[in-house]
Amino acid sequence: MRSYYSFSEYLKTRFERRVQRISLNAGFDCPNRNGTLSASGCIFCNEKGFSRFAGTRLTLAEQIKESMNFVRARFGAEKFLAYFQNASGTYAQTAKLKEAYDVIKDFPDIVGLFISTRPDCMDEEKLDLVAGYCDNYEVWVEYGVQSVHDKSLKYLNRSHTFSQSLEAIENTARRGIKVGTHIIIGIPGETREDIIETARVIAHLPVSGVKLHVLHILRDTPLEKVFIEGKLNLLKQDEYISLACDFIERLDPGCVILRLVSDANPAVLVSPAWINEKQKLIESVESEFNKRGTCQGAKYDKNNLCVR
Ligand code: SF4
């Protein structure tokens, strides 16, 4: 039993068998890259960092078959969650989204639909569509929230505000769709108090899961340029572990930790290399919680409804 509510534990309880996510690329675009909001994208974004199918020419059905074979052989998975991960997974006409998501209906071993997107790429019509899968599938929408601080969102060139994230989270949860949030730890200018404030705010929203990322550098991104110029200090592993534990301590114990730290495609990762040492990181987080004598929720204050 871990000191936090891991995604694998959640899946084990929910499905009582080995279930694995498979990342898919539906070929959707992103308004923060295609010139609608910005042409340069978030400063950390390199599309090749998303999934093994970045830039693929395979159809969704081919990606699913290939991934299922791989994941069955490697992990002994019996059931699968389709994860629309690349770019903004709801950035298309609703009919096109339906066509993409409906592919899962041809694969009886797919038991869940996960969609990763921007908070400003969701509307009532798309929520109707996504909610329509809830009767037969485990359905989650993951939003790139990153921080509750608008100054940080500006630094990252996210081109949306926290109030847009708040609206998307509340509208989505109201439909019975589970909401995941992506949070970045280590954004320049954010103090420990700023990070803890993000944790407190997220803890009091209808959020079912949190995916933690450490700010890292991928090739061919604006952030790489800042890094090369020596204007950026990345968190060291022990600093990240301490801040991640601070964050998790403030979450509701029932909130699923979808990921302790994002890993990255080694072909495009510049720094830090430790993010891909997943097992070591899991052990270090456990040992930090043991040292503190705390766990997830130890500092969760359910009466402090501190939504900004
Ligand atoms: S919203 Fe996502 S896909 Fe778009 S630029 Fe940012 S990280 Fe990249």
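Residues numbered from 1 in each chain as written. Predicted model: local features only at pLDDT ≥ 70, side-chain atom pairs only at ≥ 80, totals over all residues. Heavy atoms only, no water.

Peer 1: Just to check I follow, could you spell out the overall build of the protein for this structure?
Peer 2: Across its full length, the protein carries ten helices and nine strands. For a compact globule of 308 residues, the expected C-alpha radius of gyration is about 19 Å, and the protein comes in at 18 Å, within 12% of that figure. Expressed as lengths along the three principal axes of its C-alpha atoms, the size of the protein is roughly 45 × 45 × 40 Å. Counting only residues that meet the buried cut, the protein has 55% of its 308 residues in that class. Across the protein, the fraction of contacts at a sequence separation of at least 24, relative to all contacts at a separation of at least 6, is 81%. (Helix = DSSP H or I, 4+ residues; strand = E, 2+ residues; numbered from the N terminus. Rg over C-alpha atoms; globule rule 2.2 N^0.38 Å. Buried < 20%, exposed > 50% of the residue type's maximum accessible area, 1.4 Å probe, protein only. Contact = heavy atoms within 4.5 Å.)

Peer 1: What exactly am I supposed to notice about the site of the ligand here?
Peer 2: Residues in close proximity to the ligand total ten residues, the closest being Cys30, Arg33, Cys42, Cys45 and Arg118. Taken together, the residues of the shell around the ligand sort by class into six nonpolar, one polar and three charged. (Near = heavy atom within 4 Å. Nonpolar A, V, L, I, M, F, W, Y, C, P; charged D, E, K, R; others polar.)

Peer 1: Would you take a moment to explain the packing of aromatic side chains for this structure?
Peer 2: Between two aromatic rings, the relevant description is the distance of the centres plus the angle of the planes. Following the criterion strictly, the structure yields nine aromatic pairs and no others. Centre to centre, the rings of Tyr5 and Tyr10 are 6.3 Å apart; their planes meet at 75°, and the pair counts as edge-to-face. Residue Tyr10 is classed as buried on the basis of its relative accessible area of 9%. Taking the centre distance of 5.6 Å and the plane angle of 10° together, the rings of Phe114 and Trp140 count as stacked. Separated by 26 residues along the polypeptide, Phe114 in strand E3 (residues 110-117) and Trp140 in strand E4 (residues 138-146) bring together distant segments of the chain. Each member of the pair Phe114 and Trp140 is classed as buried. Clustering of aromatic rings is evident, with ring pairs tying together Tyr5, Phe7, Tyr10, Phe114 and Trp140. When the ring centre of Tyr83 is taken as reference, the NZ or CZ atom of Arg21 above it lies at 3.8 Å. (Phe/Tyr/Trp six-rings, centres within 6.5 Å; stacked < 30°, edge-to-face > 60°. Lys NZ or Arg CZ within 6 Å of the ring centre and 35° of its normal.)

Peer 1: What is the right way to look at the sheet that holds strand E2 (residues 79-84) in this model?
Peer 2: Adjacent strands of a sheet form backbone hydrogen bonds with each other and so pair up, either parallel or antiparallel. The seven strands are arranged E1-E2-E3-E4-E5-E6-E8 in an open sheet whose pairing can be described as parallel. Sheet topology places strand E1 (19-24) and strand E8 (256-259) at the edges, where each strand pairs with a single neighbour. Across the sheet, the mean angle from the axis of one strand to that of its neighbour is 25°, orientation sign disregarded. One ladder, built from six bridges, connects strand E5 (residues 178-185) with strand E6 (residues 209-214); its direction is parallel. Paired with Ile184 across the strands is His213, a residue of E6. Each of E4 and E5 is contacted by helix H6 (residues 162-174), which is oriented at about 170° to E4, the strand it contacts most. Across the sheet, helix H9 (residues 237-249) is in contact with E5, E6 and E8; its angle to E6 comes to roughly 160°. (Pairing = 2+ DSSP bridges. Axes fitted to C-alpha atoms, helices over the stretch in contact; angles between N-to-C directions.)

Peer 1: Is there a simple way to think about the nonpolar core in this case?
Peer 2: What tends to happen in soluble globular proteins is that the nonpolar side chains get buried as a cluster. Of all hydrophobic cores here, the largest spans 75 residues; its most connected members are Tyr101, Ile110, Tyr143, Val210, Leu212, Tyr240 and Phe247. With seven residues, H9 is the largest single contributor of residues to this core. Aside from chain neighbours lying at most four places away, what touches Val210 is Thr181, Ile183, Ile202, Phe247, Leu251, Cys255, Val256, Ile257, Leu258 and Arg259. (Core = buried A, V, L, I, M, F, W, Y, C linked by side-chain atoms within 4.5 Å.)

Peer 1: Sorry if this is basic, but what is going on with the environment of Met68 here?
Peer 2: Turning to its location among the elements, Met68 is positioned in helix H2 (residues 60-75). Once residues within four sequence positions are removed from consideration, Met68 is found in contact with Ile22, Phe80, Phe107, Asp109 and Ile110.

Peer 1: Quick question: what am I supposed to make of the pattern of salt bridges here?
Peer 2: Close approach of charged atoms lets side chains of opposite charge pair. Taken as a whole and judged by the stated rule, the model has 23 salt bridges. Of the charged contacts, one joins Glu138 and Lys178 as a salt bridge, the two residues approaching to 3.8 Å between their closest N and O atoms. Of this pair, Glu138 sits in strand E4 while Lys178 sits in strand E5, and the two are 40 residues apart along the sequence. Judged by its relative accessible area of 2%, Glu138 is buried. A salt bridge links Lys211 to Glu142, with the shortest nitrogen-to-oxygen separation between them at 3.4 Å. (Salt bridge = Lys/Arg side-chain N within 4 Å of Asp/Glu carboxyl O.)

Peer 1: Could you clarify how one ought to interpret helix H3 (residues 94-101) in this entry?
Peer 2: Helical periodicity: at 3.6 residues per turn, an α-helix aligns residues three or four positions apart in one direction. Residues of H3 that are buried: Thr94, Leu97, Ala100 and Tyr101. All buried residues of H3 project into a common sector of 120° when viewed along the axis, lining one side. Facing away from the buried surface of H3 by more than 90 degrees, the exposed residues are Ala95 and Glu99. (Arc of directions from axis to C-beta.)

Peer 1: Honestly, the environment of His216 in this entry has me stumped. Any pointers?
Peer 2: Position of His216 relative to the elements: it lies in the loop between E6 and strand E7 (217-218). Residue classification places His216 among the buried positions, given a relative accessible area of 11%. His216 sits 42 residues away from Arg174 along the chain, and the two C-alpha atoms are 33 Å apart. Aside from chain neighbours lying at most four places away, what touches His216 is Phe44, Leu223, Ser262, Ala264, Leu269, Ser271, Pro272 and Ile275. For His216, the side chain forms a polar contact with the main-chain oxygen of Val214, separated by 2.8 Å. (Polar contact = N/O pair within 3.5 Å; in protein donor to acceptor, adjacent residues only side chain to side chain.)

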